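What follows is each chain in one-letter form.
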Amino acid sequence: MESVLESAVNEWHAGVNAGDLQRSKAAVGDPVVVLGPKGAGPITPDQFADWVERSGIKLVPRSWHPISDRLMVVEEDATWPESPEPTRVATIFRASEEKITAALRLPDLKAALELAYICREMAATE
């Protein structure tokens, strides 16, 4: 049986990879915290959908690394319209109430796992 976290991550990928703006907006919390090459911070679901449309990114999951009941790192092959050759990246996903509330994209699995473990420990000590 798929966990709430897995279901939220799968729905996020489905919306993003289909370029479905309504589905992408519905898959994230308000706000959703993002991290990527162009910056970090909280954005609205509308801003997230704008990014999906503007970037044209596709992220194909390759490996799944559960960190806690709310955190998961997913290693992905990323492609963009201007560069169809895949680039391996990793994203830390945090979910709450069946929505992705954080999507932190890092350049590789090692960096994502290290940050995810730190996030888990920070949350455990709140």
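Look above for the structure.
Quick caveat: nothing in here was measured; it's all calculated off a predicted structure.

About the thresholds
- Note on numbering: residues in each chain are counted from 1, in written sequence order.
- Since the coordinates come from a predicted model, pLDDT governs what is reported: local features require at least 70, and pairs of side-chain atoms require 80 or more to be given and counted, while whole-chain, interface and lining totals use all residues.
- Computation of side-chain values covers all heavy atoms of the structure but excludes hydrogens and water.
- Here a Phe, Tyr or Trp ring, Trp counted by its six-membered ring, pairs with any other such ring whose centre lies within 6.5 Å, and the pair is stacked when the planes are under 30 degrees apart, edge-to-face when over 60, and tilted otherwise.
- Counting from the N terminus, the helices are DSSP H or I runs at least four residues long and the strands are E runs at least two residues long.
- Residue exposure (1.4 Å probe, protein chains only): buried if accessible area is under 20% of the type maximum, exposed if over 50%, otherwise partly exposed.
- A pair of strands is considered paired only if DSSP assigns at least 2 bridges between the two.
- Angular values range over 0 to 180 degrees, each being the angle between N-to-C directions of two axes fitted as lines to C-alpha atoms, with helices fitted over their stretch in contact.
- Residues count as neighbours in contact if any of their non-hydrogen atoms are within 4.5 Å of one another.
- When a carboxyl oxygen of Asp or Glu lies within 4 Å of a side-chain nitrogen of Lys or Arg, that pair is called a salt bridge.

1. Considering the packing of aromatic side chains
Next, step 1: Counted under the stated rule, the structure contains three aromatic pairs.
Next, step 2: Judged by centre distance (5.9 Å) and plane angle (40°), the ring pair of Trp12 and Phe48 falls under tilted. Taken together, the residues span a long stretch of sequence, with Trp12 in helix 1 (residues 4-18) and Phe48 in helix 3 (residues 45-55) at a distance of 36 residues. The exposure classification of Trp12 matches that of Phe48, with both residues buried.

2. Concerning the sheet that holds strand 1 (residues 28-36)
Next, step 1: Overall, mixed pairing links the six strands, which are arranged 2-1-6-5-4-3 in an open sheet. Strands at the two margins of the open sheet, each flanked by one partner only, are strand 2 (39-43) and strand 3 (58-66). Shown here is a sheet whose adjacent strand axes are inclined to one another by a mean of 20°, direction ignored.
Next, step 2: Bridge count between strand 1 and strand 2: five bridges; the pairing is antiparallel. Paired with Gly36 across the two strands is Gly39, which belongs to strand 2.
Next, step 3: The sheet contacts of helix 1 involve strand 1, strand 3, strand 4 (71-80), strand 5 (83-96) and strand 6 (99-106), and relative to strand 3 the element is tilted by about 165°.
Next, step 4: Sheet strands touched by helix 4 (residues 109-124): strand 1, strand 3, strand 4, strand 5 and strand 6. Its angle to strand 4, the strand with the most contacts, is close to 150°.

3. Section: the pattern of salt bridges
Next, step 1: This structure, assessed with the given rule, holds seven salt bridges.
Next, step 2: In this structure, the salt-bridge partner of Arg88 is Asp77, at a minimum N-O distance of 2.5 Å. Pair noted here: Arg88 is in strand 5 and Asp77 is in strand 4, with a separation of eleven residues, a long-range link.
Next, step 3: Members of the salt-bridge network, linked through shared partners, are Arg62, Glu75, Asp77 and Arg88.

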